[in-house]
Amino acid sequence: MNTIARHIFTAVLYSLLISLSMIALTLTVFVEDWLSVFEKKIGDVSFLLAAFIITVTMALVIGIVTGVYWKQRLNRVEKQLMEVARGQKTTTPVEPYKELKTIEQYVQQIQNKINSQAEHAQRLATERANEREQSLQEIVVQERNRLARELHDSVSQQLFAASMMMSAINDTNPEAEIKKQLLLVEQMIHQSQLEMRALLLHLRPVALKGKSLQEGVEELLVELIQKVPMEIDWKVEPFVVDKGVEDQLFRILQESVSNTLRHAEANSLQVMLVERDQTVILRVVDDGVGFDMQTRKTNSYGLQNMQERALEVGGTFKIVSVPGEGTRTEVKVPNLRKDGEKDD
């Protein structure tokens, strides 16, 4: 039963009880002949029926008015709580309801506490990002780059050459059975190339290394266009966010792109990085094979890693996938950086 119906029912019930009590009291104290009351009429309607109709009508009006009154107020509290749950900034009412003033103050205190915790988490993430960059040993970076170069120069090039040779053999139109096997081998080589590119993406140093988040994202996607046979589109808007948030968002993007290359079998990839209402939104969408959300493995390291990175900076992580229709990954992080604030 909704709020309005509940108030109508309550008003009708109480009105009937009060009316019956008043009628009984009146008959007991002031009327000696009760039967004469039942015979009295107002117009063509008996007195008791008219009293019942008037009582119910007034109760309905009172119930509807009070129901609408409280439904509006409960809807506003529900809206504010929903905004807090989504990490959005609560809207300040133009005309505050006095009855809900205390509740709205508590809601505002909860949001301030959440924002304070998110700001603290982002500050810690920024400090950790700076420490990682400062303490990163040069030999580790050199070794990762060396492995990436060797894989690219040897294995990756050999896979590319093998793929070209298999395509040339298939173009010569050999026998059907042999061609079927050769096509299977060509597909395996193609998948191995995607796996290799995903591995190279992981081997590369993940830090932005002095670049802004937008510069790092565009550089990564331009490089992918040159190496991956996939249609890639992106929308990246300028905004300023703490270094710790930049670092985590860039790592999440790398992880998401790597998953797409290895598992999605996608033909197109769309990336959006914007800021709306003091919230940074990173969205990655592909048109790949997707997967069943109900049977998704909860121990998937890549998805858990992305979710943990989002939570580390006070954000939210959401993934939606439908078999045969692709996958959509979305991260929202509140931008608590104050205007004019500079990185240390």
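Presented here is an overview of the structure given in this document.

Another aspect to go through is the overall build of the protein chain. Check the secondary structure of the protein chain and you find nine helices and seven strands. Within the protein chain, the fraction of its 344 residues that count as buried is 35%. Put simply, 68% of the contacts in the protein chain that link residues at least 6 apart link residues at least 24 apart. When the accessible surface of the protein chain is split by element, carbon and sulfur atoms take 58% of a total near 21,900 Å².

Our focus in this paragraph is the sheet that holds strand β4 (residues 268-276). Spatial strand order, β3-β4-β5-β7-β6: five strands in an open sheet with mixed pairing. Looking at which strands have only one partner, the edges of the open sheet turn out to be β3 (231-236) and β6 (316-322). In this sheet, adjacent strand axes meet at a mean angle of 10 degrees when their direction is disregarded. When strand β5 (residues 279-286) meets strand β7 (residues 326-334), the two strands line up antiparallel, connected through eight bridges. In the sheet register, Val 285 faces β7, and the bridge partner there is Arg 328.

With that settled, consider helix α7 (residues 213-227). Here α7 spans 21 Å end to end across 15 residues, near enough to the 21 Å set by a 1.5 Å rise per residue. Leu 213, Gln 214, Gly 216, Val 217, Leu 220, Leu 221 and Leu 224 are the residues of α7 that are buried. One side of α7 holds all its buried residues, which, seen down the axis, span an arc of 165 degrees.

In terms of residue burial, β7 counts as a mostly covered element, since seven of its nine residues are buried. Two strands pair when backbone bridges link them, and β6 and β7 are joined in this way by seven bridges, in the antiparallel orientation. If you follow Phe 317 over to β7, its bridge partner there is Val 331. From the end of β6 to the start of β7, which pair antiparallel, there are three residues, and Gly 324 there has a positive phi angle of about 85 degrees.

On to the environment of Ile 189, then. In this structure, Ile 189 sits in helix α6 (residues 176-203). Once the C-alpha coordinates of Ile 189 and Phe 160 are considered, the two residues, 29 residues apart in sequence, prove to be 8.1 Å apart.

What follows is about the environment of Met 196. Residue position: Met 196 is located in helix α6. Sequence separation between Met 196 and Leu 261 is 65 residues, and the spatial gap between their C-alpha atoms is 9.4 Å.

The next point concerns empty space enclosed by the protein. Rolled over the atoms, a probe with the dimensions of a water molecule shows which regions are left empty. Counting across every chain of the model gives one cavity of 30 Å³ or more. By volume, the largest cavity amounts to about 30 Å³. If you list the elements that add at least two residues to the lining of the largest cavity, you get α8 (243-264), β5 and β7. Considered class by class, the residues forming the lining of the largest cavity number five nonpolar, two polar and no charged.

So, about the environment of Glu 119. With respect to the helices, strands and loops of the structure, Glu 119 is situated in helix α4 (residues 101-135). Classification of Glu 119 by relative accessible area gives partly exposed; the value is 27%. Each C-alpha atom, one on Glu 119 and one on Pro 334, is 8.7 Å from the other, the two residues being 215 residues apart in sequence.

We now examine α8. For α8, with 22 residues, the first-to-last C-alpha span of 30 Å sits near the 32 Å given by 1.5 Å per residue. For α8, the buried fraction is high: 20 of the 22 residues fall into the buried class. Positioned one or two residues after α8, Glu 265 has a phi angle of 55 degrees, which is positive.

Cut-off values and rules
- Residues numbered from 1 in each chain as written.
- Predicted model: local features only at pLDDT ≥ 70, side-chain atom pairs only at ≥ 80, totals over all residues.
- Heavy atoms only, no water.
- Helix = DSSP H or I, 4+ residues; strand = E, 2+ residues; numbered from the N terminus.
- Buried < 20%, exposed > 50% of the residue type's maximum accessible area, 1.4 Å probe, protein only.
- Contact = heavy atoms within 4.5 Å.
- Areas by Shrake-Rupley, 256 points an atom, 1.4 Å probe, with all protein chains shown as cover.
- Pairing = 2+ DSSP bridges.
- Axes fitted to C-alpha atoms, helices over the stretch in contact; angles between N-to-C directions.
- Expected span 1.5 Å × (residues − 1).
- Arc of directions from axis to C-beta.
- 1 Å grid on protein atoms, 1.4 Å probe; cavity = no way out; pocket = protein on both sides within 12 Å on 5 of 7 lines; lining within 4 Å.
- Points joined across faces, edges and corners; volume = space filled by probe spheres on them.
- Nonpolar A, V, L, I, M, F, W, Y, C, P; charged D, E, K, R; others polar.

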